[in-house]
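Descriptive structure summary
Listed below, chain by chain, are the residues.
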Amino acid sequence: MNLASVRAGISDTLQNVNNLRIYEWIPSTIQPPAAVVSLGTGQYDADFNDGMVVNYGVLVMLTRADDQHGQERLDEFLGQGNDSVYHVVDANPTLNGSCDSARVTSWNNPGTFSIGGIEYLGVEVNIEVLG
């Protein structure tokens, strides 16, 4: 499995979420609503074919200018509707052929995040990739 190809596959797949800007690399500034893809933990030899299991984090962030609206929009990105991270990954489980399978497993760490000295409302979505 090529980690750069998987990152690109996640980024391309997330482009299908309406009104969400995708950053394939951790930027110094963002324009919300935004999702930043980052590499998480990994495990070698996860199956009998020398496969790997790699976890990616997608930090979904919104402006804090209107916390209530931001939280409502965050709920949409986390749900299972058409404009959710879960839905677009579920609809493209090989991430454009970059892996054997991928699935959204959970989200964690809801709260505020700082990028470039600006605080955003956000949550980390976890994607498990097999390859």
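Below: a short report on this structure. Note that the coordinates shown come from a computational prediction; the quantities given were computed from them, not determined experimentally. (Residues numbered from 1 in each chain as written. Predicted model: local features only at pLDDT ≥ 70, side-chain atom pairs only at ≥ 80, totals over all residues. Heavy atoms only, no water.)

**What about unusual backbone geometry?**
In the segment running from Pro32 into Pro33, the intervening peptide bond is cis, with an omega of 0°. Here Pro33 lies in the loop between strand E1 (21-23) and strand E2 (34-43). Phi is positive for Asn19, close to 60°, though the residue is something other than glycine. Mapping Asn19 onto the fold places it in the loop between helix H1 (3-14) and E1. Unlike most non-glycine residues, Leu95 shows phi in positive territory, near 50°. On the secondary structure map, Leu95 appears in the loop between helix H3 (85-91) and strand E4 (101-115). Classification of Leu95 by relative accessible area gives buried; the value is 0%. (Helix = DSSP H or I, 4+ residues; strand = E, 2+ residues; numbered from the N terminus. Buried < 20%, exposed > 50% of the residue type's maximum accessible area, 1.4 Å probe, protein only.)

**A short note on the pattern of salt bridges**
Counted according to the given criterion, the structure contains 3 salt bridges. Linking Arg64 and Glu119 is a salt bridge whose minimum nitrogen-to-oxygen distance equals 3.4 Å. One end of the pair, Arg64, is in the loop between strand E3 (53-63) and helix H2 (67-78); the other, Glu119, is in strand E5 (residues 118-130), with 55 residues separating them in the sequence. Overall, the relative accessible area of 33% leaves Arg64 in the partly exposed class. For Glu128, the salt bridge is made with Arg103, and the minimal N-O distance between the two is 3.0 Å. With Glu128 in strand E5 and Arg103 in strand E4, the pair connects residues that are 25 residues apart, well separated along the chain. (Salt bridge = Lys/Arg side-chain N within 4 Å of Asp/Glu carboxyl O.)

**Describing a nonpolar patch on the surface**
Among the surface-exposed residues, Met1, Leu3 and Leu39 lie close enough to one another that they form a single nonpolar patch of about 230 Å² accessible area. Its location among the elements puts Leu3 in helix H1. Its relative accessible area of 34% is what places Leu3 among the partly exposed residues. (Patch = residues over 30% accessible without salt bridge, like charges linked within 9 Å, V, L, I, M, F, W, Y side chains within 5 Å. Areas by Shrake-Rupley, 256 points an atom, 1.4 Å probe, with all protein chains shown as cover.)

**Here we look at the sheet that holds E4**
Spatial strand order, E1-E2-E3-E5-E4: 5 strands in an open sheet with mixed pairing. If you trace the sheet from one side to the other, it starts and ends with E1 and E4, each paired once. Neighbour to neighbour, the strand axes of the sheet diverge by 25° on average, direction disregarded. Bridge count between E4 and E5: 12 bridges; the pairing is antiparallel. When the sheet's bridge partners are listed, Trp107 is paired in E5 with Val125. Each of E3, E4 and E5 touches H2; the most contacted strand, E5, lies at about 5° to it. (Pairing = 2+ DSSP bridges. Axes fitted to C-alpha atoms, helices over the stretch in contact; angles between N-to-C directions. Contact = heavy atoms within 4.5 Å.)

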